[in-house]
Amino acid sequence: MTRMAHQILENNRGADDLVLLGIPTRGVPLAHQLAAVISTVEGRDIPVGELDITMYRDDLRQNPTRPVGRTRLPVSIDDAVVVLVDDVLHSGRTVRAALDALGDLGRPRSVRLAVLVDRGQRQLPIRADHVGKNLPTSAGERVSVRLTETDGVTNVSITRPVIENTGKENN
């Protein structure tokens, strides 16, 4: 988090006009963690909010019962440097939804992406500007991030698919 915070500051040449928006669920506490580090370095508070993307997702037909969350903007995002913060970057579809949601809320000067884990497997041409750790994975693997704020413990794990032992070769 410290390295990512310093990268954000270097890329922005300081903290002027920075707004961190976490994508629920785990992006929100990660945005607060980044803001705390940046605040310590810069000696001032950094605005942190949350951006609900539920209604902008392209999988609502398959997952229609997803509860709508809340969007909380701490300041106007017009002409701001918005850093979207999320836990895992995978297909890029969550980020696409976040960009669509931002477009309805204002016109930032620029938008950057900070993720704790980039696991690859992109389906859209989206990349993170600031990455905590690159963890290349296969399509069947799953990366899980747990944070103290949401899960009571902090860790990152990769779960591999279980192959049943049927006595037959898996070709």
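That block above? That's the structure.
So, a few notes on the structure that sits alongside this text. (Residues numbered from 1 in each chain as written. Predicted model: local features only at pLDDT ≥ 70, side-chain atom pairs only at ≥ 80, totals over all residues. Heavy atoms only, no water.)

1. Considering the nonpolar core
- Grouped together as the largest cluster of nonpolar side chains are 26 residues, with contacts concentrated most on Leu18, Leu20, Leu34 and Ile38.
- Among the elements of the structure, α1 (2–12), β1 (18–22), α2 (27–42), β3 (81–89), β4 (110–118) and β6 (142–146) are those that each provide at least two residues to this core.
- In this structure, Val19, Leu21, Ala97 and Leu102 belong to the second largest nonpolar core, which totals 20 residues. (Core = buried A, V, L, I, M, F, W, Y, C linked by side-chain atoms within 4.5 Å. Buried < 20%, exposed > 50% of the residue type's maximum accessible area, 1.4 Å probe, protein only. Helix = DSSP H or I, 4+ residues; strand = E, 2+ residues; numbered from the N terminus.)

2. Details of the pattern of salt bridges
- On inspection of all chains with the given rule, the structure shows 12 salt bridges.
- In this structure, Arg57 and Asp59 form a salt bridge, with 3.0 Å as the shortest nitrogen-oxygen distance.
- A salt bridge links Arg160 to Glu141, with the shortest nitrogen-to-oxygen separation between them at 3.0 Å. Placement of the pair is Arg160 in the segment after β7 (155–159) and Glu141 in the loop between β5 (130–134) and β6, with a sequence separation of 19 residues.
- The exposure class assigned to Glu141 is buried, which follows from its relative accessible area of 14%.
- Overlapping salt bridges, with partners in common, bring together Asp58, Arg93, Arg96 and Asp100 in one network. (Salt bridge = Lys/Arg side-chain N within 4 Å of Asp/Glu carboxyl O.)

3. Notes on the pairing of β3
- Taking burial as the measure, the nine residues of β3 include nine buried ones, the bulk of the element.
- The pairing of β3 with β4 spans eight bridges and is classified as parallel. Its bridge partner being in β4, Val88 is matched across the sheet by Val117.
- Tracing the backbone out of β3, into helix α3 (residues 93–105) and back to the parallel element β4 gives a crossover that is right-handed. (Pairing = 2+ DSSP bridges. Right-handed = clockwise from strand over helix to strand, strands pointing away.)

4. Focus: the packing of α1 against α2
- One can describe the packing of α1 onto α2 by two numbers: an axis separation of 9 Å at closest approach and a directional angle of 60°. Compared by their axis directions, α1 and α2 come out oblique. Like other packed secondary-structure pairs, α1 and α2 cross with a definite hand, here right-handed. Contact with α1, carried on its side by Thr2, Met4, Ala5, His6, Ile8 and Leu9, involves Leu34, Val37, Ile38, Val41 and Glu42 of α2 and no other residues of that element.
- Tallied by class, residues from the contact of α1 with α2 come to eight nonpolar, two polar and one charged. (Axes fitted to C-alpha atoms, helices over the stretch in contact; angles between N-to-C directions. Parallel < 35°, antiparallel > 145°, perpendicular 65-115°, else oblique. Left-handed = near helix turned anticlockwise from the far one by under 90°. Contact = heavy atoms within 4.5 Å. Nonpolar A, V, L, I, M, F, W, Y, C, P; charged D, E, K, R; others polar.)

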